[in-house]
Amino acid sequence: MNFAAQFFYYTYLSERLERLHSPRLALKDVEENDPFWQREELRLGPSQPGSSYKGGPFSNGPAGRRPTLIEPERLKDFGEEELVNGDVKVRETKVVEAKVVVAKVVGTKVVEVPEVKLMDTPKTRRCSEFKTPRPPPPYLRFEDISAAAFKIQSGIQKTPCTYSRLSKQYGMEIYLKKEHLHYTGSVKERGVLYLLTSLTVEQQKKGVIVATDCSFSMAMAHHAVELNIPVFVIMPACCASPRLRIYRDYGAMVISYGSTGRDSQIHARHLANQNGYLYLEEDESAAYLAGLGTVGMEIYEQVPKLDAVVVPAGGQFGLLVGTAAAIKHLNSHIAVIGVEPEAFPLLTQSLKTDSPVKVMQSSPNTKLYGDLVEHSLGVNTFQMAKKLVDKMISVSEEDSLVAMLRFQEFERSTVDTEGAMGLAAILAGQLPQLRGKRVAVVVSSANMELELVRQCVERALVLDDRVSKFSVQLRDWPGDMAKLLDFLSREDVRLLDVCHRTHSDKSELFKTRVECVVETRDKTQSTQLRKTLCERYPSLHWLDR
């Protein structure tokens, strides 16, 4: 209540009490109606001769007339809020009825008047107290992904997203986003290029340094040279010569140090501290994730009426959360499904425990999943995956190898196990809910040594029941071996290897054992061959490879 209102109210109350308790008659023909006098706790004026204020009610005039009542709660209408320099000052008023401060003599009676006491100390509040606190901004926004797409469009090709020949075989429309067609064979070029362009001019002049042989280091070597940024790659001594030659062909300075990738990383950090280089590794920086998120924007543009996106997850899970952030912003009804190896289900375990798992008690195949198991799950990445990813599934090593074989046979392309994990989830029958729907599968990388690719294909043929090995006992007579080979030729079976053993302790006299490795067209032919050979040679045994 401001000073003017206080003064007005106090003067008004004093004059009214003095007038009503004066020895003159009350009004007879005029009824007062004051909007601020509505309650029956306090009544002004004696109701009957001989009565007093204390212990009896008051009335404004003779008995029978409608009383005029006071309502102390309405006193707040005299209050005022002053906005001064961002502060709101609120003054409060309270009525103290038990304290006598004024005594008036009316005839021979003493009338006690209650004091109206005002709070002297105002309560000051900041304007910020009246505002609802804003939620913290998201770690990765769609605006960041859009900015990354605009900035890297001149240095990154727009990869195709084509209809797969495997669609009819698995009952769904499969579109393959072929990110393995980048210059270095990996989707990580997107995040690396945007990360390098986000560096300051001073950092770009000093140069960057990376360690270990992985897709991230390969992309860093290529794009740093393209941007005229000095780049150093620290490789372990066990790295193959062809891989070292690739980095040197990109234009990077390659240094061999240590026997493991861990030794190379320690040495790289040491050189960075000594010479002022910027040590970079695959992490969950916002710039890196924004660059990877451009995959989701392209998929949404290339495939209309999309129902789901299957994304391989591993390492820092940047591709998964970046793609999910873009897809969910453009259409929240599109399902985002992450796929990770069964031997290293880091994100799946983290979602179960509701916190990032730092150490996994597992031993995955580092030759096949080297890029996936060398990193841990970041806090920001975990929170985004928890919010944006609809489902996580795990695929076995065998399913990934068979998916690599399908890529070579139907898509005429060679990918690594990480790039084949998305298709492996479909081949293994783990996504039956997507039958009849339109699905995009991200093929993330194709960085695998040629010898390892050959071994993976051979193993995949065995897993697909197309390469079999059997042992049969024949008579040691001329012509029996020729009859077996002629039979295999008439069955249109390809003979890969044959071993003729004439000296065996378990063989009967004048007997010989023959081991053959054969390749069939498909499972149907393999099943027919097994049936026919068992009928022809009762001593035949199929051997596991």
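Since we're looking at a predicted model, the values are computed, not measured.

Student: Explanation requested: the overall build of the protein in the structure shown.
Tutor: Per the secondary structure count, the protein includes 18 helices and 19 strands. Burial statistics for the protein: of 545 residues in total, 45% are counted as buried. Residue pairs at least 24 apart in sequence account for 73% of intrachain contacts in the protein once pairs closer than 6 positions are excluded. Accessible area for the protein stands at about 29,500 Å²; split by element, carbon and sulfur atoms hold 51% of it.

Student: Hey, could you run me through the side chain of S350 in this one?
Tutor: Along the polypeptide, S350 turns up in helix α11 (residues 346-353). By relative accessible area, S350 is classed as buried at 0%. At 2.8 Å, the side chain of S350 and the backbone oxygen of L346 are in polar contact. Once residues within four sequence positions are removed from consideration, S350 is found in contact with S355, P356, V357, L377 and F382.

Student: Help me out: how do you make sense of the nonpolar core in this one?
Tutor: Grouped burial of nonpolar side chains is what soluble globular proteins tend to show. Grouped together as the largest cluster of nonpolar side chains are 71 residues, with contacts concentrated most on L196, V208, M220, V233, V309, L320 and L347. Contacts of M220, omitting those with residues within four sequence positions, involve V192, L195, L196, V208, V210, V231 and L280. Among the nonpolar cores identified, the runner-up in size contains 42 residues, and V310, A403, A424 and V517 belong to it.

Student: Can you help me understand unusual backbone geometry in this one?
Tutor: Where the residue is not glycine, phi is negative for most of them; where a peptide bond is considered, it is trans in most cases. Phi angles above zero are rare outside glycine, and N228 is one such case at about 60°. Among the structural elements, N228 can be located in the loop between α6 (215-226) and β9 (231-235). Phi at D492 takes a positive value of approximately 60°, unusual for a residue other than glycine. When you line up the elements, D492 lands in the loop between α17 (480-490) and β17 (494-501).

Student: I would appreciate a short explanation of the sheet that holds strand β7 (residues 173-178) in the present structure.
Tutor: Two strands in a sheet stick together by hydrogen bonds in their backbones, pointing the same way (parallel) or opposite ways (antiparallel). Ordered by their spatial adjacency, six strands build an open sheet running β6-β7-β15-β12-β13-β14, and the pairing between neighbours is mixed. The open sheet has two edge strands, β6 (161-163) and β14 (391-395), and neither has a second partner. Direction aside, the axes of adjacent strands within the sheet are offset by 25° on average. One ladder, built from three bridges, connects β6 with β7; its direction is antiparallel. Considered in β7, the bridge of Y163 is made with Y175. Together, β7, β14 and β15 (438-443) form the strand contacts of helix α14 (residues 397-411), whose direction differs from that of β7 by roughly 90°.

Rules behind the numbers
- Residues numbered from 1 in each chain as written.
- Predicted model: local features only at pLDDT ≥ 70, side-chain atom pairs only at ≥ 80, totals over all residues.
- Heavy atoms only, no water.
- Helix = DSSP H or I, 4+ residues; strand = E, 2+ residues; numbered from the N terminus.
- Buried < 20%, exposed > 50% of the residue type's maximum accessible area, 1.4 Å probe, protein only.
- Contact = heavy atoms within 4.5 Å.
- Areas by Shrake-Rupley, 256 points an atom, 1.4 Å probe, with all protein chains shown as cover.
- Polar contact = N/O pair within 3.5 Å; in protein donor to acceptor, adjacent residues only side chain to side chain.
- Core = buried A, V, L, I, M, F, W, Y, C linked by side-chain atoms within 4.5 Å.
- Pairing = 2+ DSSP bridges.
- Axes fitted to C-alpha atoms, helices over the stretch in contact; angles between N-to-C directions.

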